[in-house]
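This is what each chain is made of:
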Amino acid sequence: MQTNQICSLFLALTGTTGLLIGFVVALILAVAGFIFGGILKKKSFEKENGSLEKWKEELRSEAVKESEKIKKEAILEAKEQELKIRNDFERETKEKRIELQRTENRLNQKEETLDKKEESLIKRNEETTRQQNALKEKQIELDKKLEDISLQHEKMVKEFERISQMSKEEAKAQLISAITDEAKRDAAGTVRNIEAEAKEEGERKAREIVSLAIQKCSTEQATEITVSVVPLPSDDMKARIIGREGRNIRTLENATGIELIIDDTPEVVIVSGFDPVRRETARIALERLIQDGRIHPARIEETVEKVKKELDQQVKEAGESAMFECGIFGLHPEIVKTLGRLKFRTSYGQNVLKHSIEVSHLAGVMANELGVDATLAKRAGLLHDLGKAVDFEVEGTHMQIGADLAKKFRENNTVVNAILSHHGDVEPKSIEAVLVAAADAISGARPGARRETTTNYIKRLQKLEEISSSFKGVEKCYAIQAGREVRVMVKPEQVNDADTLFLAKEIAKKIEQEMEYPGQIKVNVIREWRATEFAK
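As the structure is a computational prediction, the values presented were derived from the model and not from experiment.

S.K.: An account of the sheet that holds strand E7 (residues 485-490) is needed here, citing residue identities and associated values.
M.R.: Taking strand neighbours across the sheet as the criterion, the three strands line up as E6-E7-E8 in an open arrangement whose pairing is mixed. The open sheet is flanked by strand E6 (474-480) and strand E8 (522-527), the only strands paired with a single partner. Averaged over all pairs of adjacent strands, the angle between their axes in this sheet comes to 20 degrees, without regard to strand direction. Pairing of E7 with E8, which is carried by six bridges, proceeds in the parallel orientation. Of the residues in E8, the one forming a bridge with Val 490 is Arg 527. Here helix H15 (residues 497-514) sits on the sheet and contacts E6, E7 and E8; the angle it forms with E8, its principal contact strand, is near 150 degrees.

S.K.: Could you give an account of helix H7 (residues 297-326), with specific residues and numbers?
M.R.: If you check H7, its first and last C-alpha atoms are 43 Å apart, about what 30 residues at 1.5 Å a residue would give, namely 44 Å. Where H7 is concerned, the buried positions are Arg 299, Ile 300, Thr 303, Val 304, Val 307, Leu 311, Val 315, Ala 318, Gly 319, Ala 322, Met 323 and Cys 326. Against helix H5 (247-256), helix H6 (276-292), helix H8 (333-341), helix H9 (352-370) and helix H10 (374-383) lie the buried residues of H7. Two residues or fewer past H7, Gly 327 is found with a positive phi of approximately 75 degrees.

S.K.: Kindly report on the pattern of salt bridges, identifying the contributing residues and their values.
M.R.: In this structure the tally under the stated criterion is 14 salt bridges. Between Asp 385 and Lys 388 there is a salt bridge, with the nearest N and O atoms lying 3.7 Å from each other. Relative accessible area serves as the criterion here: at 9%, Lys 388 is assigned to the buried category. Between Asp 497 and Arg 527 there is a salt bridge; the shortest N-O distance is 2.9 Å. Here Asp 497, found in helix H15, pairs with Arg 527, found in strand E8; they are 30 residues apart in sequence, far enough to count as distant. Each of Glu 280, Arg 283 and Glu 287 takes part in one network of salt bridges that share partners.

S.K.: Can you lay out the nonpolar core for me, pointing to particular residues and giving the numbers?
M.R.: Residues Leu 331, Leu 339, Leu 353, Leu 382 and Leu 383 are the most contacted members of the largest nonpolar core, which totals 42 residues. At the level of secondary structure, the elements contributing two or more residues to this core comprise H7, H8, H9, H10, helix H11 (398-408), helix H12 (413-421) and helix H13 (431-445). Broken down by element, this core gets its largest block of residues, eight residues, from H9. Dropping the residues within four chain positions of it, Leu 383 is found in contact with Leu 331, Ile 335, Leu 339, Glu 411, Val 415 and Ile 419. Formed by 24 residues, the second largest nonpolar core is a distinct cluster that contains Ile 241, Ile 249, Ile 258 and Val 277.

S.K.: Report on the packing of aromatic side chains, specifying residues and quantitative values.
M.R.: Given two aromatic rings, their pairing is described by the distance between the two centres and the angle made by the two planes. In this structure the tally under the stated criterion is one aromatic pair. Consider the rings of Phe 324 and Phe 329, whose centres lie 5.8 Å apart with planes at 45 degrees: the pair is tilted. The exposed category is assigned to Phe 329, whose relative accessible area is 55%. Between the NZ or CZ atom of Lys 510 and the centre of the ring of Phe 471, over which it lies, the distance is 5.5 Å.

Rules of the game
Residues numbered from 1 in each chain as written. Predicted model: local features only at pLDDT ≥ 70, side-chain atom pairs only at ≥ 80, totals over all residues. Heavy atoms only, no water. Pairing = 2+ DSSP bridges. Helix = DSSP H or I, 4+ residues; strand = E, 2+ residues; numbered from the N terminus. Axes fitted to C-alpha atoms, helices over the stretch in contact; angles between N-to-C directions. Contact = heavy atoms within 4.5 Å. Expected span 1.5 Å × (residues − 1). Buried < 20%, exposed > 50% of the residue type's maximum accessible area, 1.4 Å probe, protein only. Salt bridge = Lys/Arg side-chain N within 4 Å of Asp/Glu carboxyl O. Core = buried A, V, L, I, M, F, W, Y, C linked by side-chain atoms within 4.5 Å. Phe/Tyr/Trp six-rings, centres within 6.5 Å; stacked < 30°, edge-to-face > 60°. Lys NZ or Arg CZ within 6 Å of the ring centre and 35° of its normal.

Structure, rendered in C-alpha cells:
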C-alpha cells in the first residue's frame, strides 16, 4: 500500500514524461519495502515463536496434570465399580445358595414321602396276594360244593320224575306256563290301573282344551247340497229348456259339463255333477236364462261364459275371505284360488271351506293352550283339506293331492306333513300336525256337523258288529249310540279277565285299520259269569 502511494506521488511529481522512470523507481521501492517487511515479519515471528514455545510448555504441563487427575478419578471409579460388582455377586450367590438349600429340602421331603408310599404299596400288594389266595381256596371249596349240589340236584330230579311220572322238560313247560299266566294277570292288572289313571288325567285335560276350543268356534249346521235344484215358474219352461230336438239342453250340458235331469217332478230341474263349481255354474246360468226368457244356444253359451268369469272372481274372494278370517297371510295366489273352490264342495253335507275355517280356529285355540306355534297350526288347519277342491280331477287321495299342491307352492314342511297325516295315514312329525288331526275330528264329529245317508249308516254299524264278532271267544256284540260304541259279550269259559283287556285292544286296532268313521268308537268288552242252581 505504501509502495503504491509512493508510485502515485512520484508519477504526480514527474508527469507523464517520467512515467517509465517512475515505474522503475516504484518497482525498486516496492522490492525494498517487501524485503524490509519480510525482515520485520521474521523478527516478529521469532518473538512470537518464543512465546509460543513457552505456551506449549504450559499447555503440556496442564495436560499432564489434568491427565493425572483423570487417571486418579478413573482408578477410583473402577475400584468403586469393582466393589459394587463384587457385592452384587456375593448377594446373588447367597440367594441362589439359599434357594438351592430349599430345593434340596423339598426333594428330601418328597423322597421320604415316596419311600412311605412305596412301603404302603408293598404292604397292600402283600395283602392283596393273601386275599387272592384265600379267594382261590374258597373258589375251590365252592366248586366242590357245587359239584355235590349238582349231584344231589340230579338225584332229586330223577326222584321227582319217578314220583310225578313227568320228564324234566314237561315239568319246566308246565311251570313256565303257570308263571306266564300269572305274569299276564299281574301285567293286565297293572296296565289297567296305569291306563285308567293316564286316561282319566288325559281325558280331563283334553276335555278342558277341546271344550275351550269349541266354545270359541261357532259354525253352521250341515246342509245337503249333493245336487242342485232349480225351481221353474211353470212346467211349460221345461220344453223351452230342452229346445227343439234337445238343442238347448245339449248346449247347456256341453258348455258346463253338467247333467240336467228333467223328469216328472213338477216345476223343478235337477242339476247333477261331480264338480261343485261346474254344478254351481250350470245352476246360476239356468236361473238367469229362465229369468231372461231368451233360451237358445248362442244365448246359453254367452250366459255360461259370463257366469264362469263371475264364479272365478267369487272363488278368489272366498279364498281371500277365508284367509283373512283365520288371520293367515302370505299364501300363494293359486292356493288362495284353490281354497276358494272349497266353498262349493261338501263332505257328508258339511261345507268344506267352512269346515276348514273351523279346523283352523280349533287348532289355533288348542295350540295357544299348549304353548306351541298357533299361527302355523291355523295355517295347516286351513289348508288340510285343500286336495278336496281338485280330487275329482287328479288321481290320489285328497291328503296326497293337498300335500303335493302345498309342496308345489313352497309351503312349510310342517304344513305339508299336517295335510298328509290328518287322517292317520302318515305319522305326524309335529305337535301342530297332531292338533290339526284332532281339530278335524272335532269339527267332523260335533253334533249337526255332518250327515250321512241311511244306507251308509246301516253299513257302518253292520261292519262294526262284523269286525267285533270275528274274534275267538266273542258270544254277542251290539253297535250302540249311533255307532259311537260297540259292546262285546265274551264267553267266560274261553276268555278270562286278563284277556278281556287284550281283546278290547285288538278289536279297536282292527276297527282303525278296516273302517272309516268320524270321531272315535268306544270298544266295551264285557265278561259275565253266572252260576245257576235249582233247589229241589
